[in-house]
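Chain and residue survey
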Amino acid sequence: MAQKKGGKTAASDDPEELARTPLQAVLLADTFNLKFRPITLERPKVLLPLVNTPMIDYTLAWLESVGVEEVFLFCCAHAEQVKEYIGNSHWGQSHAGFSITTIESNFSMSAGDALRFIEGKNVIRGDFILITGDTISNMSLTEALQAHKDRRKKDPDTVMTMFVKRSKPMPLTHQTRLGNDEIMMAIDPETKQLLYYEDRFDSSKRAVTLDKSLLADNASLYLRTDLEDCCIDICSPEVLTIFLDNFDYQHLRRHFVKGLLHDDIMGKKIYTHEIDSSYTARVDNYRSYDTISKDIIQRWSFPLVPDVLYAGNRAQMRLQREGIYKAPDVTLSPSVRIGAFTAIGSGTIIGENSSVSNSVIGELCTIGRNVSIDGCYIWDSVTIEDGCRLSHSIVCDGVHLHTGATLEPGVILSFKVEVGQNITVPAYSKVSLLPQPSKQDSDEELEYADTNSGVIDSPSIASISPANIEHDHVSSFDTEQSVLLEGGLSGVGYIWTSCETGNEEEWRYSVAPIPVEKLKEFYAKMFDEDESSSDGEQTGITHSGELISESKSTDFDDSDGEYKGDVSKFEKEVEETFERALGGVAEENVQLEINSLRMSFNVTHAECAGAVFQSVIKSAIIASNSSKSNLLKATIDAIERSKGLLSYFITNVDEEIEVILKFEEMCMEITREFAPIFSSVLHQLYDKEVITEDAILKWESEKADADESDKVFVKQSEAFLKWLKEAPEEDDEDE
Amino acid sequence: MPDVSDFILKLQRRRIEGSHATARQTAELLRSVVSQTRMPYTNQAASLLDAVRAVGEQLIAANPVELAVGNIVRRVLHIIREEDLSSSAVSFEGLMISEKSDDEDDADQKGGPVLSAAAVAAAARSTLRPRSLQTLLEDGPLPAAPSKSSSAGDSEGKSKSDKSAVGKRLKHSVIEAINLLIEEIDDCYEDISEQAVEHIHQNEVILTLGRSKTVKEFLYAAKQKNRSFRVFVAEGAPRYQGHVLAKELIQKGLETTVITDSAIFAMISRVNMVIVGAHAIMANGGVIAPVGMNMLALAAQRHAVPFVVVAGSHKLCPLYPHNPEVLLNELKSPSDLIDFGEFSDCMDFGAHGGAPLMHVVNPTFDYVPPNLVSLFITDTGGHNAAHMYKLIADYYSADDLVIKRKSTSSN
């Protein structure tokens with residue numbers, strides 16, 4: 001190494017020398033995030049099995065296949081386990097032209113720290129490949145590497161080539177199939193230089209802010225959201241220096257890439273290389289774990305597929321018909337039904353009448369009778385007793401499911417958890433033997449917050465005897481939202497409250513497929529936002545959430561009875577116009593359109609105001625996703641958004657009263673969910689100066705002699721009315 | 001042994017592809033294994049066999065689809081057995097040398113079992129060859145054979161002074177024989193293409209599918225002998241090796257037409273002969289060949305066009321396609337067929353209840369049953385499918401057919 005170090009200085013500028021340096025790779029065997037908690041408390045992520053082979057094997061096999069000669073394996077959390085695994089596997093033995101050096105650091109909190117640490121070791125001599133230990137790929141590097149070297153020759157400021165691949169995000173959830181968020185990139189079509197990178201791009205805004213110099217300096221650029229970051233980079237040695245100089249860079253993308261792109265001072269350039277046919281993906285969250293497992297089973301990652309890549313000591317799985325992978329020594333009862341695209345590891349026993357589909361089952365598992373397993377990832381030595389039902393879950397090593405247990409979609413059972421008889425583990429719960437660490441950082445910090453999960457104060461399993469565990473947990477279950485013990489028989493494990501994403505976002509990153517209701521919601525929302533939906537609307541409604549279709553239909557029935565036909569028709573037209581307005585049509589145009597509608601339908605100003613207000617409220621319902629808690633907030637937002645429009649149409653007291661009456665009527669008939677918050681909305685309307693005090697008071701007096709049933713809302717708003725009457729001076733001053 | 005694990009890794013990662021390259025490298029590796037094996041004083045052949053078998057088992061497991069590996073391992077085992085017999089025969093009955101060494105030449109035996117063999121040689125062969133009805137009838141004093149061979153073993157034990165010399169001689173002769181094997185693998189293209197003029201006639205139309213080096217050399221040879229003929233090349237989806245072949249043929253001045261695989265049936269009536277390469281030839285005369293071949297063979301049969309398979313002898317596999325060790329196919333990455341990026345949104349598992357709706361399957365091989373093959377051309381000449389088992393019996397010893405079970409019992 002010593003004499004090679006001497007060559008380092010020469011290497012950077014002499015291309016001949018550059019070509020001769022061995023290709024190096026930095027493999028980060030730590031992801032510096034908590035997305036795989038609680039599993040990663042006990043085992044590092046890179047050693048988690050992906051179709052019965054640890055993830056790091058895929059990464060190392062790829063590095064080896066693309067001609068990397070030296071790998072620097074950076075371990076942080078659970079470094080001992082990683083080192084032990086590498087030492088025992090065939091990677092530990094010396095191969096000609098492929099060596100692995102482990103670098104261990106216990107205090108690195110982020111990829112940035114890791115790279116600074118590696119820079120300190122002074123081992124990188126030329127261009128290197130930066131990759132994390134959870135990346136699966138079968139692409140060829142030669143072309144990109146050559147392109148990178150050529151660019152370096154031309155322009156020494158080139159520091160990095162990023163691999164990207166095309167992957168269209170789902171239009172509904174703005175999420176790629178790997179569960180990552182949509183990324184916005186600006187790329188120069190000629191040079192493939194990366195000009196802009198935004199991974200927290202808010203697609204709902206439908207707007208993107210670019211620096212104007214970006215447009216001034218580049219003749220053309222592509223703005224793309226259909227690219228996925230492969231998380232594989234070819235880096236020049238300068239990358240390490242940049243990290244060293246900018247000691248606050250933590251995250252590779254969020255800080256480093258964005259930092260380079262946005263700070264022109266350094267003048268460093270990043271290029272992209274788009275791969276088309278070959279496969280690359282990174283296991284970033286549970287959803288990508290699911291997706292990538294299925295891709296591997298479907299052989300997109302060939303030759304890194306289960307019947308080729310296997311380093312364990314047991315019999316290797318072989319591919320059979322219908323994409324079923326099965327080890328030769330699997331014992332299946334004749335009545336077992338194995339569905340397509342399933343992998344079953346060596347030594348596993350499955351009992352009568354059980355069915356397995358779309359799942360991966362590890363080695364030495366025992367599965368009883370009448371068990372149904374769908375879309376699950378069951379790791380090694382798991383015991384599942386008779387009659388259990390599992391769907392879309394991850395079940396780690398040594399878990400024991402007692403008779404009749406049920407796992408709902410999205411459940412994660414960490415190592416050695418036990419689930420008692422006839423217990424149902426609710427959807428998206430995460431259960432671990434280790435208690436949840438109490439200190440939870442904010443979502444923003446998590447990316448590089450404490451990752452030394454091994455060092456956390458949690459007691460190791462070994463130190464607690466099983467009896468103790470059970471005892472402990474009996475008490476803890478009382479306080480926590482425990483369900484495991486209900487059945488009377490023992491269950492062992494803590495249920496973690498969801499930490500990273502919050503409960504509503506849990507479905508996004510779970511192994512379970514996105515629930516149909518969620519998709520429906522998004523579907524409804526999309527139609528709401530869609531500008532050109534006036535035609536699609538009719539069909540869209542029938543598919544979309546129940547709520548809307550219900551409100552629509554009642555709208556027709558009731559209004560036909562009470563109003564002249566064309567008023568309701570007019571209301572509908574206004575509503576559609578208003579929906580287009582939400583899609584981004586300028587306010588003046590909407591005003592013009594509604595005005596012309598008013599003329600053509602020949603309705604009064606007051607009726608028109610009422611119709612506009614109704615549209616606003618309806619949009620609020622849709623935006624609130626039908627959840628009660630959001631309704632008020634959504635209404636406030638909607639009112640705020642269309643304040644200009646409302647104030648344009650609501651000009652005098654009569655119209656204001658009409659609006660209040662309209663609202664009252666809606667609350668009683670069409671949109672009953674507003675009834676409880678009537679007074680709050682009224683208050684809001686008053687606050688936003690849509691409705692004046694006079695109108696409200698007049699409305700009250702108008703209602704004074706109505707019958708009791710009509711006065712429900714007056715009564716509800718009593719406090720508000722009282723307040724209005726008591727503080728008239730103040731309001732006068734305001735106005 | 002480092003080169004062994006290296007080679008295994010290459011096989012596993014599918015970094016060595018093609019029967020020819022695999023066969024050659026396997027033979028070279030086994031040669032080095034033989035030369036590195038330390039010879040004990042007794043039972044030297046057995047220790048060599050064990051060493052080769054141990055390595056061979058790993059190699060076969062590394063890429064079970066590449067049958068050439070197993071073929072070469074079995075060939076080497078067969079070589080060791082034969083050399084062992086001949087050398088012990090030499091030490092025991094010096095007079096038999098000349099006859100034995102003649103018998104070794106496999107090419108001479110292609111006509112069938114040797115008729116004029118001396119008693120020892122016949123006994124030796126009876127241990128090597130599968131016992132066909134013919135050999136049973138011919139070798140009258142069968143009970144005598146085992147006693148003789150065992151006496152040969154005893155004599156080896158007795159004459160200790162000879163031993164080390166014999167050991168060196170055995171190893172040496174095995175290495176020599178493996179060298180001959182490597183040479184044979186290298187020369188297979190020439191040997192096969194020498195026969196080209198016998199099969200390709202003036203103004204004929206030849207159809208081939210995909211790209212096989214053997215076929216290419218075969219066509220080149222015919223062209224060199226000034227035959228003028230036309231070649232139709234079916235492109236061989238999804239890898240489209242046919243395009244490569246077409247370019248190569250044109251450079252040699254051959255009139256070439258590229259057609260799609262799906263146009264084969266439309267074109268076959270204009271074709272005089274189909275010449276294709278193979279991945280492996282099984283003992284029953286069935287062929288494992290690039291995908292699409294069965295379709296071509298069926299089309300050829302429908303129009304009574306001769307379907308000729310050209311393959312070097314290293315592709316002759318002593319196994320039957322129904323043997324459990326035979327993996328008939330390998331499913332490669334679907335990205336040969338379609339772009340992953342373009343179809344990734346069709347494979348969103350999040351959206352459709354977790355089960356993928358789109359599946360893409362990319363098998364590498366087809367199995368062509370023996371009745372569809374009109375003729376096999378190997379380096380030893382043309383053969384009928386029904387006679388492949390005899391040809392195979394010349395190259396392999398019946399004891400080696402199942403390598404795995406043997407080695408587990410011996411270990």
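Keep in mind it's a predicted model, so treat the numbers as computed, not measured. (Residues numbered from 1 in each chain as written. Chains lettered and ligands numbered in written order. Predicted model: local features only at pLDDT ≥ 70, side-chain atom pairs only at ≥ 80, totals over all residues. Heavy atoms only, no water.)

The next point concerns the overall build of chain A. Scanning chain A for helices and strands turns up 25 helices and 35 strands. Looking at the 735 residues of chain A, the share that counts as buried comes to 57%. Counting only contacts in chain A whose residues sit at least 6 apart along the sequence, the fraction spanning at least 24 positions is 60%. As displayed, chain A offers around 30500 Å² of accessible surface, 49% of which is attributable to carbon and sulfur atoms. (Helix = DSSP H or I, 4+ residues; strand = E, 2+ residues; numbered from the N terminus. Buried < 20%, exposed > 50% of the residue type's maximum accessible area, 1.4 Å probe, protein only. Contact = heavy atoms within 4.5 Å. Areas by Shrake-Rupley, 256 points an atom, 1.4 Å probe, with all protein chains shown as cover.)

Counting its secondary structure elements, chain B contains 17 helices and ten strands. Split into buried and exposed, the 411 residues of chain B put 53% on the buried side. Of the roughly 17700 Å² of accessible surface on chain B, 54% is carried by carbon and sulfur atoms.

Let us now look at the interface of chain B and chain A. Tallying the contact residues gives 34 residues for chain B and 38 residues for chain A. Here chain B meets chain A over a buried area of about 3300 Å², counting both sides, of which 57% is carbon and sulfur. Between chain B and chain A we count one salt bridge in total. Among the ionic pairs, Arg15 of chain B bridges to Glu64 of chain A, the shortest N-O distance being 3.5 Å. Inspection of the region where chain B meets chain A yields three residue pairs in polar contact (both at pLDDT 80 or more). Partitioned by chemical class, the residues of the side of chain B that touches chain A number 14 nonpolar, nine polar and eleven charged. (Buried area = accessible area lost by both parts, 1.4 Å probe. Salt bridge = Lys/Arg side-chain N within 4 Å of Asp/Glu carboxyl O. Polar contact = N/O pair within 3.5 Å; in protein donor to acceptor, adjacent residues only side chain to side chain. Nonpolar A, V, L, I, M, F, W, Y, C, P; charged D, E, K, R; others polar.)

Residue and element names in this part refer to chain A. Locating Leu28 in the fold gives a position in strand E1 (residues 24–28). Residues Leu28 and Val336, 308 residues apart in the sequence, show an inter-C-alpha distance of 41 Å. Residue contacts for Leu28: discarding those within four places in its chain leaves Phe74, Ala111, Ala114, Leu130, Ile131, Thr132 and Gly133.

A separate point is helix H11 (residues 213–224) of chain B. All names here are of chain B. For H11, built from twelve residues, the straight-helix expectation of 16 Å at 1.5 Å per residue is met to within 8% by its first-to-last C-alpha distance of 16 Å. Three or more residues of H11 are buried, namely Thr214, Val215, Lys216, Phe218, Leu219, Tyr220, Ala221 and Ala222. Looking one or two residues beyond H11, the residue adopting positive phi is Asn226, at roughly 65°. (Expected span 1.5 Å × (residues − 1).)

Once that is clear, we can look at the pattern of salt bridges. Residues and elements named next belong to chain A. Summed over all chains, the structure comprises 35 salt bridges over all chains. For Glu198, the salt bridge identified is with Lys258, shortest N-O distance 3.2 Å. Of this pair, Glu198 sits in strand E10 (residues 194–198) while Lys258 is found in helix H9 (residues 252–262), placing the two residues 60 residues apart along the sequence. Just as Glu198 is buried, Lys258 falls in that class too.

Take helix H8 (residues 238–245) of chain A next. All names here are of chain A. Within the span of H8, buried status applies to Val239, Leu240, Ile242 and Phe243. Down the axis of H8, the buried set is contained in an arc of 160°. They therefore lie on one face. Taken together, the buried residues of H8 touch helix H5 (111–121), strand E6 (128–132), strand E8 (158–166), strand E12 (227–235) and H9. (Arc of directions from axis to C-beta.)

Bringing the sheet that holds strand E9 (residues 375–378) of chain B into the picture now. Where strands meet in a sheet, backbone hydrogen bonds hold them as pairs that are either parallel or antiparallel. All names here are of chain B. The seven strands lie next to each other as E3-E2-E1-E4-E7-E9-E10, forming an open sheet whose pairing is mixed. Here the strands that pair on one side only, and so sit at the sheet edges, are strand E3 (255–259) and strand E10 (381–383). Within this sheet the neighbouring strands show an average axis-to-axis angle of 25°, counted without direction. The pairing of strand E4 (residues 273–276) with strand E7 (residues 307–310) spans three bridges and is classified as parallel. Residue pairing in the sheet places Val274 in a bridge with Phe307 of E7. (Pairing = 2+ DSSP bridges. Axes fitted to C-alpha atoms, helices over the stretch in contact; angles between N-to-C directions.)

For the bond from Phe302 of chain A to Pro303 of chain A, the omega torsion is 5°, close enough to zero to count as cis. Of note, Pro303 of chain A is situated in the loop between helix H10 (286–297) and strand E15 (318–320). Ala237 of chain B connects to Pro238 of chain B through a cis peptide bond whose omega is 0°. Located in the positive-phi region is Asn122 of chain A, a residue other than glycine, with phi close to 60°. By secondary structure assignment, the location of Asn122 of chain A is in the loop between H5 and E6. Judged by relative accessible area, Asn122 of chain A falls into the partly exposed class, the value being 32%. Backbone geometry at Asn226 of chain B places phi at a positive 65°, although glycine is not the residue there. Within the element layout of this structure, Asn226 of chain B appears in the loop between H11 and strand E2 (230–234).

This part covers the environment of Ile259 of chain B. Residue and element names in this part refer to chain B. Position of Ile259 among the secondary structure elements: in strand E3. C-alpha of Ile259 to C-alpha of Gln195: the two residues are 64 residues apart in sequence and 27 Å apart in space. If near-sequence neighbours (up to four positions away) are discounted, Ile259 is found in contact with Leu207, Val233, Ala234, Glu235, Ile264 and Met267.

With that settled, consider the sheet that holds strand E9 (residues 184–187) of chain A. Residue and element names in this part refer to chain A. With antiparallel pairing, the three strands of this open sheet are ordered in space as E10-E9-E11. Looking along the sheet, the strands with just one partner apiece sit at the ends: E10 and strand E11 (222–224). Adjacent strand axes in the sheet meet at a mean angle of 10°, parallel and antiparallel pairs treated alike. Two strands pair when backbone bridges link them, and E9 and E11 are joined in this way by three bridges, in the antiparallel orientation. Counterpart to Ala186 in the pairing with E11 is Leu223.

Turning to the side chain of Glu363 of chain A, a few remarks are in order. Along the chain, Glu363 of chain A falls in the loop between strand E22 (360–361) and strand E23 (366–367). Those residues within four positions of Glu363 of chain A in sequence are excluded, and the remaining contacts are Tyr310, Arg314, Gly345, Ser346, Thr348, Asp380 and Ser381 of chain A.

Next up on the list: the packing of H5 of chain A against H8 of chain A. Residues and elements named next belong to chain A. Taken N-terminus to C-terminus, the directions of H5 and H8 make an angle of 115°; their axes are 9 Å apart at the nearest point. Here H8 runs roughly perpendicular to H5, going by the angle between their axes. As for the relative orientation of H5 and H8, their crossing is left-handed in sense. In this structure, H5 contributes Gly112, Leu115, Arg116 and Glu119 to the contact, and H8 contributes Leu240, Thr241, Phe243 and Leu244. (Parallel < 35°, antiparallel > 145°, perpendicular 65-115°, else oblique. Left-handed = near helix turned anticlockwise from the far one by under 90°.)

For residues with low pLDDT, the predicted coordinates do not support detailed interpretation. All names here are of chain A. Looking at chain A as a whole, its pLDDT mean stands at 76, while 78% of the residues score no less than 70. This model gives residues 1–18 a pLDDT under 50, and the stretch forms 16 contacts once residues within four places in sequence are excluded. Overall, residues 531–564 carries pLDDT values under 50, and its contacts beyond four positions in sequence, including any with other chains, amount to 40 contacts. (pLDDT = per-residue confidence, 0-100.)

All names here are of chain A. Summed over the entire model, instances satisfying the criterion amount to 15 aromatic pairs over all chains. Ring geometry for Phe243 against Tyr249: centres 6.1 Å apart, planes inclined by 85°, an arrangement best described as edge-to-face. Take Phe243: its relative accessible area is 0%, and that puts it in the buried class. Within the aromatic cluster, the residues linked to one another by ring pairs are Phe36, Tyr286, Tyr289, Tyr377, Trp379 and Phe415. One residue, Lys165, lies across the ring of Tyr279, its end atom 5.1 Å from the ring centre. (Phe/Tyr/Trp six-rings, centres within 6.5 Å; stacked < 30°, edge-to-face > 60°. Lys NZ or Arg CZ within 6 Å of the ring centre and 35° of its normal.)

Residues and elements named next belong to chain B. Across chain B, the average pLDDT comes to 80, with 77% of residues at 70 or higher. Per-residue pLDDT stays below 50 along residues 140–161; that stretch engages in nine contacts with residues further than four places along the chain or on separate chains. Taken as a whole, residues 405–411 scores under 50 in pLDDT and shows seven contacts with residues more than four places along the chain or in a different chain. This prediction of the complex comes with two scores: 0.72 for pTM and 0.78 for ipTM.

Residues and elements named next belong to chain A. For the pair helix H22 (residues 693–704) and helix H24 (residues 718–726), interaxial distance at closest approach is 11 Å and the crossing angle is 125°. Relative to H24, the element H22 is oriented oblique. The hand of the H22/H24 crossing is left-handed. For the pair H22 and H24, the contacting residues are Glu693, Ile696, Leu697 and Glu700 in the first and Phe720, Leu721, Leu724 and Lys725 in the second.

With that settled, the discussion passes to the environment of Ala278 of chain B. Residue and element names in this part refer to chain B. Counting through the fold element by element, Ala278 comes out in the loop between E4 and strand E5 (280–281). Look at Ala278 and you get buried, because its relative accessible area is 8%. Separated by eleven residues in sequence, Ala278 and Ala289 have C-alpha atoms that sit 4.5 Å apart. Not counting chain neighbours up to four residues away, the residues in contact with Ala278 comprise Val287, Ile288, Ala289, Val309, Val310 and Lys315.

It is worth spelling out the pairing of E3 of chain B at this point. For E2 of chain B and E3 of chain B, the ladder comprises five bridges, and the chain directions are parallel. By the bridge assignment for E3 of chain B, Ala234 of chain B is matched with Ile259 of chain B.

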